[in-house]
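Fold and geometry: a report
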Amino acid sequence: MHLNPETKLRIIWIQGVTCNANIHSFLNLPSLPSLLDNLDMVYHPSLTSLHTLEEITLLETSCDVLIFEGAYDPLLKRNDVLVKNILKHYSLNAKYVIALGSCASFGGIFKASAPERNSGLIFNEKEEFGPLLDSKAKVINLSGCPIHPEWLSYTLNMIINKREVPLDNLYRPLELYSNLAHHGCTRNEYFEWKIDTKGFGKKEGCMFYEQGCRGPMTHASCNKILWNEVSSKTRVGTPCFGCTEPDFPRSNLYSTKTNMSIPQDVPLGVPKRTYLTMTGMAKTFSIKRLEGKLIDYETTD
Amino acid sequence: MARVTKEERKSIIVLSALKLFSQKGFYMTTIPDIAKYVGMSVGSFYNYFTSKDLLAKELVIFISEYLGKRIREINEEKISTEEKISKIVSMYFTMAEEKPEMIEYFLRVYLSNREIFGKECKGMICVSSFVTEMMIFFDEGVECGELHNQDFFSAFGLFMGYLGGMVFLHGEEILPGSLDEYKKDISENIFNALKSRN
Amino acid sequence: MITKQLIDQIEGEASVYFDMKNEKVNFSTIAFPHFRGIENILKGKNALDALVITPRVCGICGHAHLMSSVRAIEDAYKNAGYEVHLSKKAKKIREFTLVMEIIQNHLKWVYMVLIPELSKLRNSNEENYTLKGAYGARLATKAISLLGGQWPHSSYMVPGGVTSDPTYIEILQAQSILKDLIQFFEKESLGVNLDEFLTYKTPKEISVGEADVSKIEEHLIELGMQEKGLAYDRFIMLGDHLFINPIKMKQTRPFSVDIKHVSTVESYSPNEKTYARNAMYKDDYYEVGSLSRMMSLQIPLIKNIHRRYKDSAYSRVIARIYELAHLMKHANELLSTISISENSCNKPISIEKVTASGIGIVEAPRGPLIHKVDIENGIINKYEIITPTQWNIGSSTKDKLTPVQKTMFGHTKAEALFIFRTFDVCSVCTTH
């Protein structure tokens, strides 16, 4: 769908303290060519854009949507210009500011580069704080480390189509972040019957109880909108690290924190007593089918 | 005389059964014995419990819920873990003194006759109310830093095995003093064994 | 007079300070302005957390960091007396995903950096090829995620192997995607069959036709790049893989290498603070990356090009393109020889029992990537990362120029900037 040049969305994509993964994730978008057709890329760190970094730091132009990737560091400079000032200037006239990735949303991994001053745009971990707090009404947080390209595509297309994007209390689009990473995981049955996987490298078993999987506590559509169109962490036996949440990164990421063998965190919204009662019940029964391998290559040869 | 509800009637049967089991023994007590004691016909009795095994299971759940409810009340108090231990021990020993038929049933019938309970009470399902509350107790104790983090069963076995053992000895009339006299020392021993090691 | 030139689109930025004489570069220094302190962030953390944090050094080569990190931890296990053994399946899966990441990197470099830069230097207005690079990269990363879960930023390599336990479904899907990628590469970039391209012995064969690579070759000759951008003609490779082994070369003579001779020194950047350090081997500078790797493999085409044009910018570019073809073929071979029934992960002893140091080295897209870790009872005491760009794009004093400084000397500023980019620079990796 081609829009007139006058109605194309003017985008400026700037960076704070970042690793650039959100850019590379975005490049994986299958519909990238057609999305770019509907955008006026005023500035982008890698894609062809109307202006160079030198020009954009002169702070003489404006955009409709400002995309900010990376943690906010008030002392950071790009081309000798404070990112603080670049952000301030372009966010003023922008209709929307997208905090792209967990670093821009909550501080993420690079908050730790300078913990006393780094944060997200409107949140410092889960506390409301940041350079754009006064204009938080125009901010959309797309948390994730990195984001999935379809999440950015969805948000930009909603804006292009002049639709209001419903947000949750952490300013993340409800339609993307209402599911849990747990929804759609191929190991769900093992979760239901409390069959833990001992160690890594097996198709069978749930990683929630011992391997640190944060799936049931993490808002993300990773097992609904698959990664790179085909996969997800949990589908290949890697635990979810909860990267869309304000407390990412946690510690001891590959193991579940337990108190006397009881998981410290239980699925979102489920009272601990309820969870323990259900678990106790499920653990009592041993389901033969679920105890063996799904496919036994040895015997089928 | 006000009409007794079905639930209340069920309760009466349960308490009466416990009393009779404690007096005459589990195997020696029959359904007709219990029905007679409660003042109902055997036929009516079967409306509530279709077999002795199911009654046996129901009693375990009843005791578990009774204990669970009291431990939950203690869990929800804003006191230290050390004080909670003291209160749980106190509650358990008081129950053993005032309602011996309940703890007796648990130790001497439930734990000792697995062949009756094997099918209907697999694993810990029948005692889940009680076990869940103990899990909450341990979870919160470690979370607030007062208990040492370790395997659940190691801790649970220490706590409950100890209490159960003392009540058993009391039941055999081996203890020179009343259970009351042991509360303080036992609470301290349990806390010292489970407390944080930092 | 010293002029500053900002260079961006190198996964971040850098500033090159030119000291010109008669419109030619007399001396140059490079500053990398951004620092995130990842080595510091890792201190005090559980060693396994490095598998999640180190990929965040870089968005385009995070996978290489993951592999370097897991190798460092496995080396620590070995030094603690608990050697970890990987199955052949785990080794091949790891290598496959690593190689596919190199492929996506090179495709992006060709179409998003090289072609636009060539066009700029030639003052021509070429069509925009950026999306071709993104398309090819998307296919390559799709193949990665079938086995690694996602790209960017997967953490599917753990001590003992990999977390994934694929069936032939994933293997066949990956083979099919790779086939599509190869066909795309043949049609758009090479203009000929992959196997035929790999048999080429002379540059003349490359220049035939209208495909993207032929045009690139033609334009490089037009700009005289076969005589420009020479460094020390010294190469080093440190990663140990099925497709490459550690070796160093002076021109065409091979020598063995030992990691203990690798060191880093402070960069020389008088005009601006830089957070980068120069990587050296036995106090000398060496070039790393595609040209180094293809030289060590004694590829006839590369040997021929090197005989004529040494380590010129032309050689550097052609070698990277050749490596694309070479690795696509290698990736295919890896997939077809993976044995599904082997163990994916041989569980080692708990990390808490490990108190030892370890080194993990991997050939990342731009050259050797080194991770060094000191672990005490499973906790990281110290972590050091040395990245490929630290080898190529160091900044030193006149008496001992780094590879990039040497290549830029004596050329116009425009040419120097082009030559700079032929190294495929990564700013975020350099300073980490």
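Definitions and cut-offs
- Counting restarts for each chain: residues are numbered from 1 in the order of the written sequence.
- For this description, chains carry letters from A and ligands carry numbers from 1, given in the order in which they are written.
- Given that the model is predicted, a residue must reach a pLDDT of at least 70 before its local features are reported, and side-chain atom pairs must reach 80 or more before they are shown or counted; all residues, however, enter totals for whole chains, interfaces and linings.
- By the criteria applied, helices consist of DSSP H or I runs no shorter than four residues and strands consist of E runs no shorter than two, each listed in order from the N terminus.
- Note on burial: count the other C-beta atoms lying within 10 Å of the residue's C-beta; 20 or more is buried, 12 or fewer is exposed, in between is partly exposed, and C-beta positions come from the backbone.
- By the convention adopted here, residues make contact when the C-beta atoms placed from their backbones lie within 7 Å.
- Note on pairing: DSSP must find at least two bridges between two strands before they are called paired.
- UniProt positions are given in the numbering used here, feature names are shortened, and annotations may be inferred rather than shown by experiment.
- Residues are grouped as follows: nonpolar covers Ala, Val, Leu, Ile, Met, Phe, Trp, Tyr, Cys and Pro; charged covers Asp, Glu, Lys and Arg; every other residue, Gly included, is treated as polar.
- The predictor reports its confidence for every residue as pLDDT, a score running from 0 up to 100.
- The axes are straight lines fitted to the C-alpha atoms, using for helices just the contacting stretch, and the angles between their N-to-C directions are given from 0 to 180°.
- Residue ranges for the domains trace back to a domain assignment, done automatically or taken from a database.

The name given to chain B in an unreviewed UniProt entry is TetR family transcriptional regulator, with Poseidonibacter parvus as the source organism.

**Digging into the overall build of chain B**
Counting its regular elements, chain B contains 10 helices and 0 strands. When the helices and strands of chain B are listed from N to C terminus, the series reads α-α-α-α-α-α-α-α-α-α. For chain B, the C-alpha atoms occupy an extent of roughly 60 × 40 × 35 Å along the three principal directions. The proportion of buried residues among the 198 residues of chain B is 30%. Sequence-distant contacts, at least 24 apart, represent 71% of the contacts inside chain B between residues at least 6 apart.

**Remarks on the arrangement of the chains**
Of all 2 pairs of chains that touch, the greatest number of contacts is found between chains A and C. The two units chain B and chain C remain apart, with a minimum C-alpha distance of 16 Å.

**Describing the pairing of strand β1 (residues 9-15) of chain A**
All names here are of chain A. For β1, the buried fraction is high: 6 of the 7 residues fall into the buried class. One ladder, built from 4 bridges, connects β1 with strand β2 (residues 39-43); its direction is parallel. What sits directly across from R10, in β2, is D40. The sheet contact formed by β1 and strand β3 (residues 65-69) spans 5 bridges and is parallel.

**A few points about the UniProt feature "DNA-binding region" (unreviewed entry) in chain B**
Per the UniProt record, "DNA-binding region" (unreviewed entry) is found at residues 30-49 of chain B. As annotated, residues 30-49 of chain B comprises 75% helix and 0% strand, and the C-alpha atoms at either end are separated by 13 Å.

**Notes on the interface of chain B and chain A**
One frequently used descriptor of interface size is the decrease in accessible area upon assembly of the parts. Taken together, the contact pairs 18 residues of chain B with 12 residues of chain A. By residue number, the principal contributor to the side of chain B that touches chain A is helix α8 (residues 128-143) of chain B, which donates 9 residues. Considered class by class, the residues forming the side of chain B that touches chain A number 9 nonpolar, 5 polar and 4 charged.

**Notes on the confidence of the model for chain B**
Averaged over all residues, the pLDDT of chain B equals 91, while 99% of them reach at least 70. Taken over the whole predicted complex, pTM reads 0.94, whereas the ipTM for its chain interfaces reads 0.96.

**Concerning the interface of chain C and chain A**
Opposite the 55 residues of chain C that make contact, chain A presents 51 residues. Counting residues per element, the ones that place at least two in the side of chain C that touches chain A are α2 (50-53), α5 (130-148) and β5 (161-162) of chain C. A total of 11 residues in the side of chain C that touches chain A trace back to one element, the largest contributor, which is α5 of chain C. Looking at the side of chain C that touches chain A residue by residue, the classes come out as 22 nonpolar, 22 polar and 11 charged.

**Digging into the sheet that holds strand β1 (residues 2-7) of chain C**
All names here are of chain C. Taken in spatial order, the 3 strands of this open sheet run β1-β2-β3, and their pairing is antiparallel. In this open sheet, the two edge strands, each paired with only one partner strand, are β1 and β3 (24-31). This sheet shows a mean twist of 30° between the axes of neighbouring strands, independent of strand direction. Two elements, β1 and strand β2 (residues 14-21), share 6 bridges in a ladder whose sense is antiparallel. Residue pairing in the sheet places I2 in a bridge with D19 of β2.

**Section: the domain arrangement of chain B**
Residue and element names in this part refer to chain B. According to the domain assignment, chain B consists of domain 1 (1-50) and domain 2 (52-194). The C-alpha-based centres of domain 1 and domain 2 are spaced at 26 Å. Tallying the contact residues gives 10 residues for domain 1 and 12 residues for domain 2. Here the side of domain 1 that touches domain 2 is built from residues that sort into 7 nonpolar, 2 polar and 1 charged.

**A look at the UniProt feature "domain: HTH tetR-type" (unreviewed entry) in chain B**
UniProt annotation of "domain: HTH tetR-type" (unreviewed entry) refers to residues 7-67 of chain B when read in the numbering used here. Segment residues 7-67 of chain B splits into 80% helix and 0% strand. End C-alpha atoms: 19 Å apart.

**Observations regarding unusual backbone geometry**
Residues C145 of chain A and P146 of chain A are joined by a peptide bond in cis, for which omega reads 0°. Along the chain, W151 of chain C connects to P152 of chain C via a cis peptide bond; the corresponding omega equals 5°. For P152 of chain C, the position within the fold is in the loop between α5 and β4 (157-158). For M260 of chain A, which is not glycine, the phi torsion reads 50° and is therefore positive. For M260 of chain A, a count of 24 C-beta atoms within 10 Å puts it in the buried group. Located in the positive-phi region is Q9 of chain C, a residue other than glycine, with phi close to 60°. Here Q9 of chain C is to be found in the loop between β1 and β2. Under the C-beta neighbour-count criterion, Q9 of chain C is labelled partly exposed, with 19 such atoms within 10 Å.

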